[in-house]
Amino acid sequence: MAQTPWGDLPVNDAHVHFFSHHFFAALAQLKKLDGAEALGPLLNWDIPANNSTGLAKQWLVEMDRRGVQRLCLIASIPGDEASVAAAASANPNRFFGYFTLDPTQADALERMRAAANNPGLHGVCLFPAMHKFSIADERLAPILQLTSDHNMVVFVHCGALSVGFRKKLGLGSPFDLRFSNPLDLHPVALQFPQIRFVVPHFGAGLLREALMVADLCPNIYLDTSSSNHWMAYEGLNLRTVFTRAIDLLGVDRLLFGTDSSFFPRGWHAAILEQQSTALYELGLDQEQAGQIFSRNLERILSPRLSLIRDLPALAR
Ligand SMILES: [Zn+2]
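Quick summary incoming for the structure in this document. Just so we're clear, the structure is a prediction, and the values are computed from it rather than from any experiment.

## Examining the packing of helix 12 (residues 238-249) against helix 13 (residues 269-281)
Here is step 1: With their axes 9 Å apart at the nearest point, helix 12 and helix 13 run at an angle of 60° to one another. When you trace helix 12 past helix 13, the crossing you get is right-handed. Contacts from L238, R239, F242 and I246 of helix 12 reach helix 13 at Q274, Q275, A278, L279 and E281.
Here is step 2: Taken together, the residues that form the contact of helix 12 with helix 13 break down as five nonpolar, two polar and two charged.

## Let's talk about the coordination of the zinc ion
Here is step 1: Protein-derived coordination of the zinc ion comes from H15 (NE2), H17 (NE2) and D259 (OD), at a distance range of 2.1 to 2.2 Å.
Here is step 2: Spacing between the donor residues of the zinc ion along their common chain follows H-x1-H-x241-D. Within this pair, whereas H15 is found in strand 3 (residues 11-18), its partner D259 is found in the loop between strand 10 (254-255) and helix 13, the two being separated by 244 residues in sequence.

## Quick word on the pairing of strand 6 (residues 123-126)
Here is step 1: Burial along strand 6 is two-sided: G123 and C125 facing one way and V124 and L126 facing the other are all buried.
Here is step 2: Where strand 5 (residues 95-100) lies against strand 6, three bridges are found, and the strand directions are parallel. Its bridge partner being in strand 6, F99 is matched across the sheet by V124.
Here is step 3: At this point the chain moves from strand 5, through helix 5 (residues 108-116), to the parallel strand 6, and the crossover so formed is right-handed.
Here is step 4: Bridge count between strand 6 and strand 7 (residues 153-156): four bridges; the pairing is parallel. Each bridged residue has a counterpart across the sheet, and for V124 the counterpart in strand 7 is V154.

## Structural notes on the nonpolar core
Here is step 1: W59, F95, F197 and F293 are the most contacted members of the largest nonpolar core, which totals 78 residues.
Here is step 2: Ranked by residues supplied to this core, first place goes to helix 12 with six residues.
Here is step 3: Apart from the residues within four sequence positions on either side, W59 is in contact with V16, H17, F18, L71, L73, F95, S260, S261, F263, G266 and W267.
Here is step 4: In terms of nonpolar packing, the next biggest core, distinct from the first, is built from 33 residues, F23, C125, F155 and L301 among them.

## Comments concerning unusual backbone geometry
Here is step 1: In this structure, P264 follows F263 across a cis peptide bond, with omega equal to 15°.
Here is step 2: Considering the arrangement of structural elements, one finds P264 in the loop between strand 10 and helix 13.
Here is step 3: Backbone geometry at A204 places phi at a positive 45°, although glycine is not the residue there.
Here is step 4: By the secondary structure assignment, A204 is in the loop between strand 8 (197-199) and helix 10 (207-216).
Here is step 5: On the basis of relative accessibility, which here comes to 5%, the residue A204 falls in the buried class.
Here is step 6: Unlike most non-glycine residues, D259 shows phi in positive territory, near 70°.

Parameters at a glance
Residues numbered from 1 in each chain as written. Predicted model: local features only at pLDDT ≥ 70, side-chain atom pairs only at ≥ 80, totals over all residues. Heavy atoms only, no water. Axes fitted to C-alpha atoms, helices over the stretch in contact; angles between N-to-C directions. Helix = DSSP H or I, 4+ residues; strand = E, 2+ residues; numbered from the N terminus. Left-handed = near helix turned anticlockwise from the far one by under 90°. Contact = heavy atoms within 4.5 Å. Nonpolar A, V, L, I, M, F, W, Y, C, P; charged D, E, K, R; others polar. Donors = N, O, S within 2.8 Å, 3.2 Å for Na, K, Ca; no water. Buried < 20%, exposed > 50% of the residue type's maximum accessible area, 1.4 Å probe, protein only. Pairing = 2+ DSSP bridges. Right-handed = clockwise from strand over helix to strand, strands pointing away. Core = buried A, V, L, I, M, F, W, Y, C linked by side-chain atoms within 4.5 Å.

Rendered as structure tokens:
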């Protein structure tokens, strides 16, 4: 249980990046450095050892310290599904495994198929602006069909996309925000009504479009994660954003998240404090807060958990 204005409350975090050794090794290669460890002094971050068990343990210690029940761990570069799958399989009551897929790559469908049968993976993360595709592109249909058939959650990053570590390392961010409009999700969410789609950061600057599409499609959820810096585009604050989202969607389709990622910072407790304070001041009761801070996430993942329980022994 985490301490909140309502007292002790179960808290799940729908958005945490799992920066594995594999992730740092790939980043070091981009930066033409000799090995992942060389990034430590450049970023001032801890570089984890080359086994995801150690990093998973570090997160567990952090979660216990902060009173966090469960985290969605996101493998943040394509090809890193094994790291979160190992962490989630070893700790099925604490972690949900999400992985980044670049659907423009030739092996995307194969990767998706393997993931769908992997009990350590629960959701797939798509970054249309980063990998330059539209979520409504027909090439994605077989991938989405697999996620639908296997009850996986689909996370679609919309709106502004900036990657802090790329900036810090001077790597540039050759993204294309024309692919970032939440409205692109409209035909897709209608075509796949079983899929629970999650749009992080309230649409990251495209709040109106995120709310519009979520209003029209009951299978679209918004995560509340990060500092929501995009609010500055419209002179908004957390209270206004929460008010608009709750007035329109109710408390059932918001998922609390922090966007935590690296150590030594660890779990970003200030986000919980800011968001719980805003919601408390808006008059939410403990029951409503419980939906946003833990139960909505459990609800959207429960179809996947049921399916995993029924997966054949080979996948266990
Ligand atoms: Zn994130």
